[in-house]
Amino acid sequence: MQKFSLLDLSPIPEGAGPKEAIANSVGLAQAAEKAGYHRYWMAEHHNMKGIASAATSVVVGHVAGATKTIRVGAGGIMLPNHAPLMVAEHFGTLATLYPDRIDLGVGRAPGTDGATMRALRRVANERDNFPNDVQELIGYFQEANENAPVRAIPGAGTNVPVWMLGSSTYGAQLAAHLGLPYAFASHFAPALIEQAIDIYRSTFKPSAHLDAPYVMIGAGVCAADTAEEAEFLRSSIILAFAGYVTGNSVPLPYPVKDVWSQLSAPIAAQVKQTQALSANGSPEMVREQLAEIVAKYQPDELMVTGMIHNHEARVRSFDIAAEALRDLVDTKTDAVAAA
């Protein structure tokens, strides 16, 4: 593993609002920068009561402006929701304001429900133009031909790194075909992680973007000074995912004791499946679990994420994770495959 990074969904805690959530994200990004995280990514979700990062490029810019060195980006932008030109202009502007610090991960899913898709003017059964849209988007970031009929201004010449995101093998295949870095969403959909990584690495085609495959995987983290405290704090994300599973979007709940007793067996099983690739507990437990994840999947980069209701406890959780991850970075690796 060459690097470790952090994914933030800007959770809106129960009892607070989006303003507090975004302020917490800024504070967490600043703490992550001090702790040695390489990237700080935010994700596009719509019509979710517990997530404040719907206008992803806006919050990415806000976080980038409050930090100095950490790379900031989207993990990701759901490209079918947007015209590639507009995405290029948004992230080209960010790259102009914060040179060599902006990443752009793109995904194919809507990041929302059917009614919200229609509100976004997206039609569910429309022809899949995603591969062409990705290539169009990348083209806007390259040095523009002065005779080109359409250019991204700002955007042209910024060469914003574009990542392919995915939770199935589709993204792995497309990332390999286009020679792009690949991020697998194993922090909530771990079922196909081994198959996706194998497809990506075995079929990768070198490109102008990347000489060799570069894969990042996601893992959940909930760490505290004791295992008991971590289990209590983790109940918030368990309840939140139970809400997602049942279609009941809620602000990030207050933590509770004995959370599993509050869920039916089928819902508990689904939540446990989504959270299967995670590291939870005391510092020693989290260190051991993260080491096992890295050893098993051999990612080039690990991106951790985790929603905790209390902001200070969440910062502490990622500080504990960073202490463990610093020891897992391969300092002997000379070639850096992705910025």
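Check the entry above for the structure.
Now for a description of the structure that goes with this document. Each chain carries its own residue numbering, running from 1 in the written order of its sequence. Under the rules for a predicted model, residues below a pLDDT of 70 receive no local features and side-chain atom pairs below 80 are neither given nor counted, while totals for whole chains, interfaces and linings still include all residues. The basis for every side-chain value is the complete set of non-hydrogen atoms in the structure, without hydrogens or water.

Brief notes about the pattern of salt bridges
Stage number 1. Salt-bridge detection follows one rule: a side-chain nitrogen of Lys or Arg within 4 Å of a carboxyl oxygen of Asp or Glu. Evaluation of the coordinates by the stated rule reveals nine salt bridges.
Stage number 2. D103 is paired through a salt bridge with R71; the nearest N and O atoms lie 2.8 Å apart. A residue pair is termed long-range when its members are at least 10 positions apart, and D103 in strand 4 (residues 102–107) and R71 in strand 3 (residues 71–78) qualify at 32 residues.
Stage number 3. Owing to a relative accessible area of 0%, D103 belongs among the buried residues under this scheme.
Stage number 4. Among the residues examined, R71 registers a relative accessible area of 9% and is labelled buried.
Stage number 5. The partner of E323 in a salt bridge is R316, and the shortest N-O contact between them spans 3.9 Å. For helices the rule is a DSSP run of H or I covering at least 4 residues; for strands it is a run of E covering at least 2, with both sets numbered from the N terminus onward. Throughout this description, buried means an accessible area under 20% of the type-specific maximum (1.4 Å probe, protein chains only), exposed means over 50%, and partly exposed covers the range between.

Some remarks on the nonpolar core
In globular proteins that are soluble, nonpolar side chains generally tend to be buried together.
Stage number 1. With 99 residues, the main nonpolar core has Y37, L104, L290 and L302 as its most contacted residues.
Stage number 2. The dominant element in this core, judged by the number of residues it contributes, is helix 11 (residues 311–328), at seven residues.
Stage number 3. Pairs of residues are marked as contacts when any of their non-hydrogen atoms sit within 4.5 Å. With residues up to four places along the chain from it excluded, the contact list for L290 reads V221, A279, L302, V304, A321, A324, L325 and L328.
Stage number 4. To define a nonpolar core, start from buried Ala, Val, Leu, Ile, Met, Phe, Trp, Tyr and Cys residues and group those joined through side-chain atoms within 4.5 Å. The next biggest cluster of nonpolar side chains, apart from the first, holds six residues, and it includes A224, A230, L233 and I308.

Some thoughts on helix 8 (residues 227–245)
Stage number 1. Helix span is expected to be 1.5 Å times the residue number reduced by one. Taking 1.5 Å as the rise per residue, helix 8 with 19 residues should run 27 Å; its terminal C-alpha atoms sit 26 Å apart, in good agreement.
Stage number 2. The sharpest bend along helix 8 comes to roughly 30°, located at S235.
Stage number 3. When helix 8 is considered as a whole, its buried residues turn out to be A230, L233, R234, S235, S236, I237, I238, L239, A240, F241, A242 and G243.
Stage number 4. Where helix 8 is buried, its residues meet strand 7 (215–223), helix 9 (265–274), strand 8 (278–281) and helix 11.
Stage number 5. Just beyond helix 8, the residue with positive phi is G247, at close to 75°. The angle between axes fitted to the seven-residue stretch ending at a residue and the seven-residue stretch beginning at it gives the bend at that residue.

Here's the deal with the side chain of S10
Stage number 1. Looking at where S10 falls in the secondary structure, it is placed in the loop between strand 1 (3–8) and helix 1 (18–35).
Stage number 2. In this structure the side chain of S10 is engaged in a polar contact, spanning 3.5 Å, whose partner is the backbone oxygen of A21. Two N or O atoms count as a polar contact when they lie within 3.5 Å, although within protein this holds only if one can serve as hydrogen donor and the other as acceptor, and sequence-adjacent residues are included solely when both atoms are side-chain atoms.

Some details on the packing of helix 1 against helix 11
Stage number 1. At a closest axis distance of 10 Å, the pairing of helix 1 and helix 11 adopts a crossing angle of 25°. In terms of their interaxial angle, helix 1 and helix 11 are classed as roughly parallel. For helix 1 against helix 11, the interelement crossing comes out right-handed. For the pair formed by helix 1 and helix 11, the contact residues are N24, G27, L28, A31 and A35 on the first element and H311, R314, V315, F318, D319, A322 and R326 on the second.
Stage number 2. Residues of the contact of helix 1 with helix 11, tallied by class, amount to six nonpolar, three polar and three charged. Geometry is summarised by axes, namely lines fitted to C-alpha atoms with helices restricted to the contacting stretch, and by angles between N-to-C directions that run from 0 to 180 degrees. Angle categories are assigned with fixed cut-offs, so that under 35 degrees is roughly parallel, over 145 is roughly antiparallel, 65 to 115 is roughly perpendicular, and the rest are oblique. We call a crossing left-handed when the near helix sits turned anticlockwise from the far one by less than a right angle, and right-handed when that turn is clockwise. Asp, Glu, Lys and Arg are counted as charged, while Ala, Val, Leu, Ile, Met, Phe, Trp, Tyr, Cys and Pro are counted as nonpolar; the rest, among them Gly, fall into the polar class.

Remarks on the environment of D330
Stage number 1. Within the fold, D330 resides in the segment after helix 11.
Stage number 2. On a C-alpha basis, the gap between D330 and A74 in space is 25 Å, while along the polypeptide they are 256 residues apart.

Let's talk about the packing of helix 3 (residues 84–97) against helix 5 (residues 130–141)
Stage number 1. Running from N to C, helix 3 and helix 5 cross one another at 40°; their axes reach a closest spacing of 9 Å. Classified by the angle their axes make, helix 3 and helix 5 are oblique. Seen from above, helix 3 lies across helix 5 with right-handed handedness. Packed against helix 3, whose contacting residues are P84, L85, V87, A88, F91 and G92, the element helix 5 presents D133, E136, L137, Y140 and F141 at the interface.
Stage number 2. Taken together, the residues of the contact of helix 3 with helix 5 break down into eight nonpolar, one polar and two charged.

Quick look at helix 10 (residues 283–297)
Stage number 1. Between its first and last C-alpha atoms helix 10 spans 21 Å; for 15 residues at 1.5 Å apiece the expected length is 21 Å, and the two agree.
Stage number 2. Here helix 10 has its buried residues at V286, Q289, L290, I293, V294 and Y297. Down the axis of helix 10, the smallest arc covering the buried residues is 135°, so these residues share one side. Exposed residues pointing more than 90 degrees away from the buried face of helix 10 are listed as E284, A295 and K296.
Stage number 3. Summarising the contacts, the buried residues of helix 10 are in contact with helix 7 (193–203), strand 7, strand 8, strand 9 (301–305) and helix 11. Of all possible arcs, the one meant is that of the directions from the helix axis to the C-beta atoms.

With respect to the packing of aromatic side chains
Stage number 1. Geometry of aromatic contacts follows a simple scheme: Phe, Tyr and Trp rings, the Trp one being its six-membered ring, pair when their centres are within 6.5 Å, and the pair is stacked under 30 degrees between planes, edge-to-face over 60, tilted otherwise. Using the criterion set out here, one finds nine aromatic pairs in the structure.
Stage number 2. Centroid distance Y37 to F318: 6.4 Å. Interplanar angle 85°. Geometry classified as edge-to-face. With Y37 in the loop between helix 1 and strand 2 (39–42) and F318 in helix 11, the pair connects residues that are 281 residues apart, well separated along the chain. Note on accessibility: Y37 and F318 belong to one class, buried.
Stage number 3. An aromatic cluster is built from Y182, F184, Y200 and F204, whose rings are joined through pairwise contacts.
Stage number 4. Definition used: whenever NZ (Lys) or CZ (Arg) falls within 6 Å of the ring centre and also within 35 degrees of the ring normal, the charge is taken to sit over that ring. In this arrangement the basic side chain of R108 is found over the ring face of Y170, its NZ or CZ atom lying 3.9 Å from the centre.
Stage number 5. In this arrangement the basic side chain of K272 is found over the ring face of W260, its NZ or CZ atom lying 4.8 Å from the centre.

Quick look at the pairing of strand 5 (residues 162–166)
Stage number 1. For strand 5, the buried fraction is high: five of the five residues fall into the buried class.
Stage number 2. Here strand 5 shows no split at all, with V162, M164 and G166 on one side and W163 and L165 on the other all buried.
Stage number 3. DSSP bridges decide pairing: two strands pair if at least two such bridges lie between them. Note that strand 4 and strand 5 share three bridges and pair parallel. Note on strand 5: the bridge partner recorded for V106 is M164.
Stage number 4. The pairing of strand 5 with strand 6 (residues 182–184) spans three bridges and is parallel.

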